[in-house]
Amino acid sequence: MRFKSSQRIAAIENLKENNFDVVIIGAGITGAGIALQTAASGLRTAIIDMQDFAEGTSSRSTKLVHGGIRYLKTFDVDVVADTVSERARVQNVAPHIPRPAHMLMPLYDDAEATFTPMSAEIAMEIYDKLAEVSPDSPFVHRLLSAEEARDYLPMLDHKDLVGLAIYLDYQNNDARLTIENIKQAVSDGAVAVSHLKATAVVADGDGKKVSVEDTFTKEVFDIKGKVVINAAGPWHDTITQIADETTKDTIRPTKGVHLVINQDRLPVPNTVYFDSGFHDGRMIFVIPRANKTYFGTTDTDYSGDYLHPKVEQADVDYLLATINSHFPNAHITIDDVQSSWAGLRPLIGGAGDYNGNTTKKTASDESLHELNTKLGQYFNNEIDRHEVDAQLSDLTSSGDKNASSVSRGFQIKAENGIINVSGGKLTDYRLMASETLEQLVNIFADKFTIKVTPIDSTKYPVSGGHFNPNDVDAELEKYAEELEKYEVNEVKAKEIANLYGSNTPEIIEYIKTGVSAPKLSVAETSMLHYAIDKEFVLRPIDYFLRRTNYLLFKSEDLERLETPVIDEMAKILDWSDETKQAMTEEYTHLRDEAQLKALKGEAK
């Protein structure tokens, strides 16, 4: 294949010619978050991935920064407190990406239901305290009666419905959050290159040497660094193997599937979250976005191809069955599905599943009420934390002071110049990066007598997030208004402002030049050029799926955009005819797969 990506060529030369303090393997959200913090803290940072940035797990989540209210049912107050605190911090540093929204949780008269109306009310009170949701906030929790719930969600199954819990959660764009972290790291001096596969990690003096293969050109070379960080997600154990470590298998991946339909087929005002109805411990999300509704997830153990998990007929059947059961008048079929995705969650072996299922004791309504009372006293400064811990210890019938804690779902282990970061969830990415940086500070002090001063990552914005996080809507509206001055229509202007945040003026600079491609508007051409020049786009699928989400949530635009975008990419990147054909075929195959064309053909 022939490319002329000037930024990639220069970055590869940089990797070959220089020694780094930190070499990060894996450029999903975890690796990206680490790169941002190490680069900003003055460490010479390299970050690589064998795929596009965020091509694995970090573009295939449920696309929420989820608060995890369900953990209160197992008294895991610290987990919820950590989660909602992290959620607020992420929104502060990436204000154009996570956006607050209501979560709607229908409550049913079912012996195996996660919450009763009473326990939901108490849990939401605790949740609001932990999340510091003020009583006058538009997102303060509410509990609707069965009658009010029927009016609020008329499409919902009303049999045995006893109420509707409404509380704060955040929607998210996982791939955009990842790329904005990487862009900020690069602006702070990091070197980031996609499509470099690590094949070996060996000692190199006091440091490490990572052998890599360019998956495009097949060139093999080494990257040298003092410390290697394994942030490879589902491939964590693969990296430990090529580093010849003795670590036992750590990761137990589970596959999660989501399906996208037109919003008019399943109109919900906000995210709806409910038990699957199959008594399998799973919870299902139904989420409105960009005139679409998507739903998932399946969360099943997975042992197939990590590079290419697929949506299978059984996944579709399961999701359609639970959706049509909870929305009995919807009659959703596979032919309604416009797009889909399957992703792997890199669970630490033996941990609870995506839905937090563990064997821990479940809270009764009475015990939740006791806990709420204690927490109220704590937040009013009437008692100290020890009394809350003692209450949790009593409620869980355990003398362990940390009885309220479960594994946060991630591990960070440093040994022999490699830091292995495993597990975790998107909400915790900044915290995982911060704790990794703490390990680096100790390693550089002890082994290299180098002092590293960590940044305060709770206040360090990602690329695009350099504006007032306390007035997001007004700030983004200003960017949109600037775009409209250059004859960008209102809808497109808001789309661009929301995608790029404080980088919107860079799009405007492209627009000012009058850059245009056949059959693309100036704004569309500018977005594409920006993605290639500043966002490491090398393939059509990178652009349509991970930089813009056209393939997921704007599929009606694809027919118009596909050919001119690919033609323009071929021109900018100087593709040979063979390269252009290969790129087009790859994109078409992945598009058809996302649109379930093979499964639809089998179903007809």
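Described in the following lines is the structure provided in the data block. (Residues numbered from 1 in each chain as written. Predicted model: local features only at pLDDT ≥ 70, side-chain atom pairs only at ≥ 80, totals over all residues. Heavy atoms only, no water.)

Take the overall build of the protein chain next. A count of helical and extended segments in the protein chain gives 20 helices and 18 strands. In summary, the protein chain has a C-alpha radius of gyration of 24 Å against a globular reference of 25 Å for 604 residues, a match within 12%. For the C-alpha atoms alone, the extent of the protein chain along its principal axes is close to 65 × 60 × 50 Å. Within the protein chain, buried positions represent 60% of all 604 residues. Of the contacts formed within the protein chain by residues at least 6 apart in sequence, a portion of 72% connects residues at least 24 apart. Carbon and sulfur atoms form 47% of the exposed surface of the protein chain, whose accessible area is close to 24100 Å². Within the protein chain, the 94 negative side-chain charges are centred at a point lying 4 Å from the centre of the 63 positive side-chain charges. (Helix = DSSP H or I, 4+ residues; strand = E, 2+ residues; numbered from the N terminus. Rg over C-alpha atoms; globule rule 2.2 N^0.38 Å. Buried < 20%, exposed > 50% of the residue type's maximum accessible area, 1.4 Å probe, protein only. Contact = heavy atoms within 4.5 Å. Areas by Shrake-Rupley, 256 points an atom, 1.4 Å probe, with all protein chains shown as cover. Lys, Arg positive; Asp, Glu negative; His and termini not counted. Charge placed at Lys NZ, Arg CZ, Asp CG, Glu CD.)

All told, the structure shown has 41 salt bridges when counted by the stated rule. Ionic pairing is found between K494 and E490, a salt bridge with its closest N-O pair at 3.3 Å. Note that K494 and E490 are positioned in helix α13 (residues 490–500) at a spacing of four residues, about one turn of the helix. For E490, a relative accessible area of 44% corresponds to the partly exposed category. The residue K492 makes a salt bridge to E495 at a minimum N-O spacing of 3.3 Å. On the criterion of helical spacing, the pair formed by K492 and E495 is a turn pair, its members being three residues apart in helix α13. (Salt bridge = Lys/Arg side-chain N within 4 Å of Asp/Glu carboxyl O.)

Moving on, we get to the nonpolar core. In summary, soluble globular proteins display a tendency toward joint burial of nonpolar side chains. By size, the foremost hydrophobic cluster in this structure holds 80 residues, and its most contacted members are L72 and Y543. Ignoring sequence-local partners within four residues, the contact set of Y543 consists of E524, M527, L528, A531, V537, T548, N549, Y550 and V565. (Core = buried A, V, L, I, M, F, W, Y, C linked by side-chain atoms within 4.5 Å.)

Looking at the secondary structure, you find R282 in the loop between β12 (271–275) and β13 (283–289). Polar side-chain contacts of R282 include one of 3.4 Å to the backbone oxygen of D299. (Polar contact = N/O pair within 3.5 Å; in protein donor to acceptor, adjacent residues only side chain to side chain.)

β12 sits mainly inside the fold: four of its five residues count as buried. The pairing of β12 with β13 spans four bridges and is classified as antiparallel. Residue D275 lies in a different strand from β13, and its bridge partner there is M283. (Pairing = 2+ DSSP bridges.)

Further remarks concern helix α8 (residues 313–326). In a regular helix each residue adds 1.5 Å, so 14 residues correspond to 20 Å; α8 covers 20 Å between its end C-alpha atoms and thus fits that length. For α8, every residue scored as buried is listed here: D315, V316, Y318, L319, L320, T322, I323 and H326. (Expected span 1.5 Å × (residues − 1).)

Together, D109, D110, E112 and D160 line one region of the surface with negative charge. Its place among the elements puts D110 in the loop between β4 (99–108) and α4 (117–131). Note on D110: relative accessible area 34%, which makes it partly exposed. (Patch = residues over 30% accessible without salt bridge, like charges linked within 9 Å, V, L, I, M, F, W, Y side chains within 5 Å.)

Among the eight residues in strand β9 (residues 207–214), six count as buried, and that is most of the element. As defined by bridge partners, strand β8 (residues 196–204) adjoins β9 across eight bridges and the pair is classed as antiparallel. Opposite A203, over in β9, you have K208 as the bridge partner. In this structure, the hairpin formed by β8 and β9 is closed by a connection of two residues, where G205 is found at a positive phi of approximately 65 degrees. Pairing geometry for β9 and strand β10 (residues 220–230), over six bridges, is antiparallel. Bridging from a neighbouring strand, K209 pairs with K224 of β10. Two successive antiparallel strands, β9 and β10, enclose a turn made up of five residues, where K218 displays a positive phi of approximately 70 degrees.

A separate point is the side chain of T427. Here T427 is to be found in the loop between β18 (418–423) and α11 (429–448). Of the polar contacts made by the side chain of T427, one reaches the backbone nitrogen of H66; its length is 3.4 Å. Ignoring anything within four residues of it in the chain, the contact list for T427 reads V65, H66, T83, E86, R87 and V90.

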